[in-house]
Amino acid sequence: MASTAKAKTDKKHSKTAAGAKPKMSVVSNTPAAQSNAALLARREAAVARGVASAAPVFADYAENAELWDVEGKRYIDFAGGIAVLNTGHRHPDVIAAAKAQEDRFTHTSFQVVQYEAYVALAEKLNALAPGKHAKKSLLVTTGAEAVENAVKIARAATGRPGIIAFTGGYHGRTLLTLGMTGKISPYKKDVGPFPADIYRAPFPSVRDGITVEDALIGLQNLFLTDAQPERVAAIIIEPVLGEGGYTPVPFEMMQALREICDKHGILLISDEIQAGFGRTGKWFAIEHSGVVPDLITVAKSMAGGYPIAGVIGRADIMDAMAPGGLGGTYGGNPVACAAALAAIDAIENEGLLERSTALGAHFRARFAEIGARSAPFRMWDIRGLGAMLAVEFVTDFDSAKPDAALVKSICAHALKRGLILLGCGMHGNALRIMVPLTASDEIIEEGLAIFEAALADAVAETTA
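Residues numbered from 1 in each chain as written. Predicted model: local features only at pLDDT ≥ 70, side-chain atom pairs only at ≥ 80, totals over all residues. Heavy atoms only, no water.

A. The arrangement of the overall build of the chain in detail. Regarding its fold elements, the chain presents 15 helices and 15 strands. Whereas a compact globule of 464 residues would reach a radius of gyration of roughly 23 Å, the chain reaches 22 Å, a difference of no more than 12%. Each of the three principal axes of the chain carries a C-alpha extent, and together these read 60 × 60 × 50 Å. Put simply, the chain has 464 residues, and 55% of those count as buried. (Helix = DSSP H or I, 4+ residues; strand = E, 2+ residues; numbered from the N terminus. Rg over C-alpha atoms; globule rule 2.2 N^0.38 Å. Buried < 20%, exposed > 50% of the residue type's maximum accessible area, 1.4 Å probe, protein only.)

The structure is reproduced here in structure tokens:
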């Protein structure tokens, strides 16, 4: 497979032969002889039932795109901590930057005593975000926190309360962000009512027969029936749906939203929490459409595994809140800021935007081959941007009935064979690819071979 990333990337960030566990000097409170089963029993007794885990194993060590559990079994990681590890597990530059910061201080709260790393990261984000206008940034801790702050800023800047989101969008699990999230189970089930002045517009969907024109008519009807445009502060959209199925927003849809927002004085928020920092082959997925948003929410792969998030936006909009109106005790933690600066440098220096584009093309071609060979008339769609790809499965092409059971079975068989996969989609019938962009060609091919074997196992199981 051709790669435009620097050759040194794989060597620098893959220190061991495939299958060989690296020598470690890590501190762990887990006994070496501890088993997954024993830890699962402890988890059942101690952790709230609502916290779900996709894999019934416990991590002991990870390196780039590989992970070893506490029993020593190796896995190839195509999940990347839910799209957090574009630069891989424990990227050496990210780890070094975080450790150097830890040797100086780990916390002051930026609202009490400031530090340069926060300012430097804000400067970097402002420079990376699309648009020639002046920008400013806010740093927080989680993606949902970033979305909530984007809404606060939009409301303060416009003096309006309304927010429009889209079917299938995912924006977080806090009460306000759940109001914007367009999927009931498992996120919104049994926890309403949700905040007022949040409206839902249709997302263009080939599966549901909703064209871009239909979606825009739906938005106009929303203006006529429920959401008076003069009272709408912002429209928020994921340029590529995340939990909703890795479906890109058609570029003409995004361009039309920009025009609608400009016409009515509404702010456009691009939720890039899952799609940002190279996942789609651009710094931000919205760049593919040529549209410049007013606000961008970011998190996940910004810091190579360290918890940090943010809002980037037009300077005049970002300054709408009075001093003290934004912030948080842990927001823009100095260690996470240092890690983020190193992760962004790694994306730039190692050509990971180009690598994402190359990986996306390779995965598309290989999935088409594998689907035709191992699951004829079951792999209904291959979609996404760059290396942010999903494969959707159905029971048959005639009915195109979503087959969530097959996806669940593929994930289970893949895990047994040593590959971590995650599903997604409104019907739970899509598999998404979130492999680190630093993964070697050899690891990618090994993972794809496991995927094909797991797919064959699952097809045999569900058709038996």
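B. Highlighting the nonpolar core. Ile 164, Phe 284, Phe 363, Phe 393, Leu 421 and Phe 451 are the most contacted members of the largest nonpolar core, which has 115 residues in total. Considering every element that reaches this core, the biggest residue donor is helix 15 (residues 441-463), with nine residues. Residues contacting Phe 451, with those up to four places away along its chain left out, are Phe 367, Ile 370, Met 379, Phe 393, Ile 410, Leu 419, Leu 421 and Leu 431. (Core = buried A, V, L, I, M, F, W, Y, C linked by side-chain atoms within 4.5 Å. Contact = heavy atoms within 4.5 Å.)

C. Examining the sheet that holds strand 13 (residues 419-420) more closely. One open sheet holds the four strands; their spatial order is 1-2-3-13, and the pairing between them is mixed. Since the sheet does not close on itself, it has two edges, and those belong to strand 1 (59-63) and strand 13, each with one partner. Where strand 3 (residues 74-77) and strand 13 come together, two bridges link them in parallel fashion. The residue bridging Asp 77 from the neighbouring strand is Ile 420, located in strand 13. Contacting strand 2 (66-69), strand 3 and strand 13, helix 15 crosses the sheet at an angle of about 100° to strand 3. (Pairing = 2+ DSSP bridges. Axes fitted to C-alpha atoms, helices over the stretch in contact; angles between N-to-C directions.)

D. Layout of helix 6 (residues 143-158). Look at helix 6: 23 Å from first C-alpha to last across 16 residues, which is about the 22 Å you get at 1.5 Å a residue. After helix 6 finishes, the residue Gly 159 shows a positive phi value of roughly 70°. (Expected span 1.5 Å × (residues − 1).)

E. Quick peek at unusual backbone geometry. Each neighbour pair has its own omega, and for Ser 185 with Pro 186 the value is 5°, a cis peptide bond. Mapped onto the fold, Pro 186 is located in helix 8 (residues 184-188). Within the chain, Ile 82 stands out as a residue other than glycine whose phi angle is a positive 65°. Assignment of secondary structure puts Ile 82 in helix 3 (residues 80-83). Of the residues examined, Ile 82 reaches a relative accessible area of 33% and is grouped as partly exposed. You will see that Asp 190, though not glycine, has its phi angle at about 70°, which is positive. In this fold, Asp 190 is placed in the loop between helix 8 and strand 6 (198-201). The class of Asp 190 is exposed, set by a relative accessible area of 71%.

F. How the structure looks around the sheet that holds strand 15 (residues 430-433). Spatially, 11-12-15-14 is the arrangement adopted by the four strands of the open sheet, whose pairing is antiparallel. For this open sheet the edge positions go to strand 11 (379-385) and strand 14 (422-424), each flanked by a neighbour on one side alone. Within this sheet the neighbouring strands show an average axis-to-axis angle of 30°, counted without direction. For strand 14 and strand 15, the ladder comprises three bridges, and the chain directions are antiparallel. Looking at strand 15, one finds that Leu 422 is bridged to Arg 432.

G. Local environment of the layout of surface pockets. Here the second largest pocket is characterised by a volume of approximately 520 Å³. Together, 27 residues line the second largest pocket, and Pro 204, Ser 205, Val 206, Arg 207 and Thr 247 are the ones closest to its centre. Here the lining of the second largest pocket gets three residues from one element, more than from any other, and that element is strand 11. (1 Å grid on protein atoms, 1.4 Å probe; cavity = no way out; pocket = protein on both sides within 12 Å on 5 of 7 lines; lining within 4 Å. Points joined across faces, edges and corners; volume = space filled by probe spheres on them.)

H. Representation of helix 5 (residues 116-128) within the structure. If you check helix 5, its first and last C-alpha atoms are 18 Å apart, about what 13 residues at 1.5 Å a residue would give, namely 18 Å. Burial in helix 5 covers these residues: Ala 117, Tyr 118, Leu 121, Ala 122, Leu 125, Asn 126 and Leu 128. Residues of helix 5 that are buried make contact with strand 4 (135-140), strand 10 (309-314) and helix 12 (334-349).

I. Representation of the side chain of Arg 366. With respect to the helices, strands and loops of the structure, Arg 366 is situated in helix 13 (residues 352-374). Setting aside residues no more than four positions away along its own chain, Arg 366 makes contact with Arg 373, Glu 445 and Leu 448.

J. Just the packing of helix 5 against helix 12, in detail. Close contact between helix 5 and helix 12 brings their axes to 9 Å; oriented N to C, the two are set at 35°. When the axes of helix 5 and helix 12 are compared, the crossing they make is left-handed. Here Ala 117, Tyr 118, Ala 120, Leu 121, Lys 124, Leu 125 and Leu 128 of helix 5 lie close against helix 12, whose contacting residues are Pro 334, Cys 337, Ala 338, Ala 340, Leu 341, Ile 344, Asp 345 and Glu 348. Classifying every residue of the contact of helix 5 with helix 12 by side-chain character gives 12 nonpolar, no polar and three charged. (Left-handed = near helix turned anticlockwise from the far one by under 90°. Nonpolar A, V, L, I, M, F, W, Y, C, P; charged D, E, K, R; others polar.)

K. Broad picture of the environment of Gly 131. For Gly 131, the location among the structural elements is in the loop between helix 5 and strand 4. When its relative accessible area of 29% is taken as the criterion, Gly 131 is described as partly exposed. Residues Gly 131 and Gly 172, spaced 41 residues apart in sequence, show a C-alpha to C-alpha distance of 26 Å.

L. Representation of the pattern of salt bridges. Using the criterion set out here, one finds 20 salt bridges in the structure. Arg 366 is the salt-bridge partner of Glu 445, the closest N and O atoms lying 3.3 Å from each other. In this pair, Glu 445 is assigned in helix 15 and Arg 366 in helix 13, connecting sequence segments 79 residues apart. In this structure, Arg 383 engages Asp 381 in a salt bridge whose closest nitrogen and oxygen atoms are separated by 2.9 Å. Since its relative accessible area comes to 12%, Arg 383 is described here as buried. Among the residues examined, Asp 381 registers a relative accessible area of 25% and is labelled partly exposed. (Salt bridge = Lys/Arg side-chain N within 4 Å of Asp/Glu carboxyl O.)

M. A look at the packing of helix 9 (residues 212-225) against helix 10 (residues 251-264). At a minimum axis separation of 10 Å, helix 9 and helix 10 run at an interaxial angle of 20°. By the angle class used here, helix 9 and helix 10 are roughly parallel. Crossing handedness for the pair helix 9 and helix 10: right-handed. Contact with helix 9, carried on its side by Val 212, Ala 215, Leu 216, Leu 219, Gln 220 and Phe 223, involves Glu 252, Met 253, Ala 256, Leu 257, Ile 260 and His 264 of helix 10 and no other residues of that element. Each residue belonging to the contact of helix 9 with helix 10 can be placed in one class, and the counts come to nine nonpolar, two polar and one charged. (Parallel < 35°, antiparallel > 145°, perpendicular 65-115°, else oblique.)

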